[in-house]
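Geometric and topological summary
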Amino acid sequence: PKGALETGSIPRYVRINRIKTSMKAVIQDFKQNDYQLVEPQNISSFVTQSKNSVDKKFMCDKHLSDVLVFPAGTDLHDHPLYVSGHILLQDKASCLPAHVLAAPSGSHVIDACAAPGNKSSHVASLMNNKGKIFAFDSDSKRLTVMQKLMKKASVECVTTRNCSFLEVDPLDVKYSNVQYIVVDPSCSGSGIVSRMDNFIDDAEDKRKKEKRLESLAKFQLSVLNHALSFPFVKRVVYSTCSIHQQENEDVVEAALKANGDRYTLDRPLPSWTHRGMAVFPGAEKCIRASPDQDYTNGFFVALFVKKESEMEQKR
Ligand code: SAM
């Protein structure tokens, strides 16, 4: 198979919640319940292997240490480990931002657009539930869903607040130890395989879509710029589940133009070969993910790092 689009669907990814369990324990559990751990060279051969096999197979993800891969269509929604919050069902691409952020245990983190909480709970898992995550979202219903997820996953270091992140004061003393920010704002969702919207019928639809992308990109840039204005921040991860350049590389380029005196783009996950479109110098430092190349939903991640000279001044 050439990719997930051709095979019809993407694999089932399982993220281990380190707050409740470990990779070793989860592997053991699946093995004891008729699943066979295989070690294919890559995910493409896993897909081929498991496609016509009656055996239940799974593998460890090649990039992310807390992710397991199961054949597409594996339904784990009733699995005891999922019901108890030991594992989460989260697309691999959406697991990239927390790893790219790399906030050590004990850090203070802001999740600017947090609900329903997948990234917050992942950051908390990687921080061993120690530190503080200030999670904002302007949608109270989505925040209610988030609070349930935090409870299920036993996340205790997250405080949620129902407000626009754009109204959060960067100079508030509460945030004076925040060195890490996740910016995962509303986007077109055009990377989500089940709602790929690339089939535009007429000129009117096309105009509407362009207008929507324009306004989304404007919003995304304002959230990203606001995150970059927090005085003590060291790393800001920007992500979308969009495939459009306007919401991805273009937003990053504009943010760099506005903040390039204080921030540079970093190149996270060196082993990840699928990179940003080369539309400005350095854009290839960003990460892209797609069904046909990476067996994930369409996704984009960029990492802004505060310049050393700026850090010196703040010391
Ligand atoms: N990071 C979340 C996760 O991993 O589960 C998904 C976030 S979703 C892509 C974008 C979120 O941004 C939505 O929940 C939406 O309500 C929220 N949002 C939109 N405008 C906002 C604003 N001005 N301030 C904070 N959150 C906002």
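What this report covers is the structure whose coordinates are included nearby. (Residues numbered from 1 in each chain as written. Predicted model: local features only at pLDDT ≥ 70, side-chain atom pairs only at ≥ 80, totals over all residues. Heavy atoms only, no water.)

**Quick look at the site of the ligand**
Around the ligand, the structure places 19 residues, and the nearest of them are Lys 119, Asp 137, Arg 142, Phe 165 and Asp 184. One of the backbone N or O atoms of Ala 115 is found 3.1 Å from an oxygen atom in the ligand. Between the ligand and Arg 142, the relevant distance is 2.5 Å, taken from an oxygen atom to a side-chain nitrogen or oxygen of the residue. In isolation the ligand exposes 610 Å². Once the protein is present, 88% of that is buried. Its atoms largely coinciding with the cavity grid, the ligand occupies the largest pocket. Tallied by class, residues from the shell around the ligand come to nine nonpolar, five polar and five charged. (Near = heavy atom within 4 Å. Polar contact = N/O pair within 3.5 Å; in protein donor to acceptor, adjacent residues only side chain to side chain. Areas by Shrake-Rupley, 256 points an atom, 1.4 Å probe, with all protein chains shown as cover. 1 Å grid on protein atoms, 1.4 Å probe; cavity = no way out; pocket = protein on both sides within 12 Å on 5 of 7 lines; lining within 4 Å. Sits in = over half its atoms within 2 Å of the grid points. Nonpolar A, V, L, I, M, F, W, Y, C, P; charged D, E, K, R; others polar.)

**Some details on the pattern of salt bridges**
Applying the stated rule across the entire model yields five salt bridges. The partner of Arg 288 in a salt bridge is Glu 249, with the nearest N and O atoms 2.8 Å apart. Of this pair, Arg 288 sits in strand β12 (residues 287-289) while Glu 249 is found in helix α9 (residues 249-259), placing the two residues 39 residues apart along the sequence. The pair Arg 288 / Glu 249 is uniform in exposure class, with both members buried. (Salt bridge = Lys/Arg side-chain N within 4 Å of Asp/Glu carboxyl O. Helix = DSSP H or I, 4+ residues; strand = E, 2+ residues; numbered from the N terminus. Buried < 20%, exposed > 50% of the residue type's maximum accessible area, 1.4 Å probe, protein only.)

**Let's talk about helix α6 (residues 118-126)**
Each α-helix turn comprises 3.6 residues. Residues three or four places apart therefore point the same way. Counting buried positions along α6 yields eight of nine residues, so the element is predominantly enclosed. Those residues of α6 not exposed but buried are Lys 119, Ser 120, Ser 121, His 122, Val 123, Ala 124, Ser 125 and Leu 126. Looking one or two residues beyond α6, the residue adopting positive phi is Asn 128, at roughly 55°.

**What about the nonpolar core?**
The biggest cluster of nonpolar side chains holds 49 residues, and the ones touching the most others in it are Leu 101, Val 109, Val 123, Ile 133 and Met 146. Apart from the residues within four sequence positions on either side, Leu 101 is in contact with Val 109, Val 123, Tyr 180, Ile 181, Val 182, Arg 235 and Val 237. Membership of the second largest hydrophobic core comes to 33 residues, among which are Ile 110, Phe 136, Phe 165 and Cys 286. (Core = buried A, V, L, I, M, F, W, Y, C linked by side-chain atoms within 4.5 Å. Contact = heavy atoms within 4.5 Å.)

**Details of the packing of aromatic side chains**
The relative placement of two aromatic rings is captured by the distance of their centres and the angle of their planes. On inspection of all chains with the given rule, the structure shows 12 aromatic pairs. With centroids separated by 6.3 Å and ring planes inclined at 85°, the aromatic side chains of Tyr 35 and Phe 58 adopt a geometry described as edge-to-face. Placement of the pair is Tyr 35 in strand β2 (residues 35-37) and Phe 58 in strand β3 (residues 56-60), with a sequence separation of 23 residues. Here Tyr 238 and Phe 300 contribute two aromatic rings whose centre-to-centre distance is 6.4 Å and whose plane-to-plane angle is 70°, an arrangement assigned as edge-to-face. Placement of Tyr 238 in strand β10 (residues 235-240) and of Phe 300 in strand β13 (residues 299-306) is noted, with a sequence separation of 62 residues between them. When sorted by exposure, Tyr 238 lands in the same class as Phe 300, which is buried. Through a chain of ring-to-ring contacts, the aromatic side chains of Phe 134, Phe 136, Phe 165, Tyr 175 and Phe 230 assemble into a single cluster. Positioned above the aromatic ring of Tyr 82 is the side chain of Lys 152, whose terminal nitrogen or guanidinium carbon lies 3.8 Å from the ring centre. (Phe/Tyr/Trp six-rings, centres within 6.5 Å; stacked < 30°, edge-to-face > 60°. Lys NZ or Arg CZ within 6 Å of the ring centre and 35° of its normal.)

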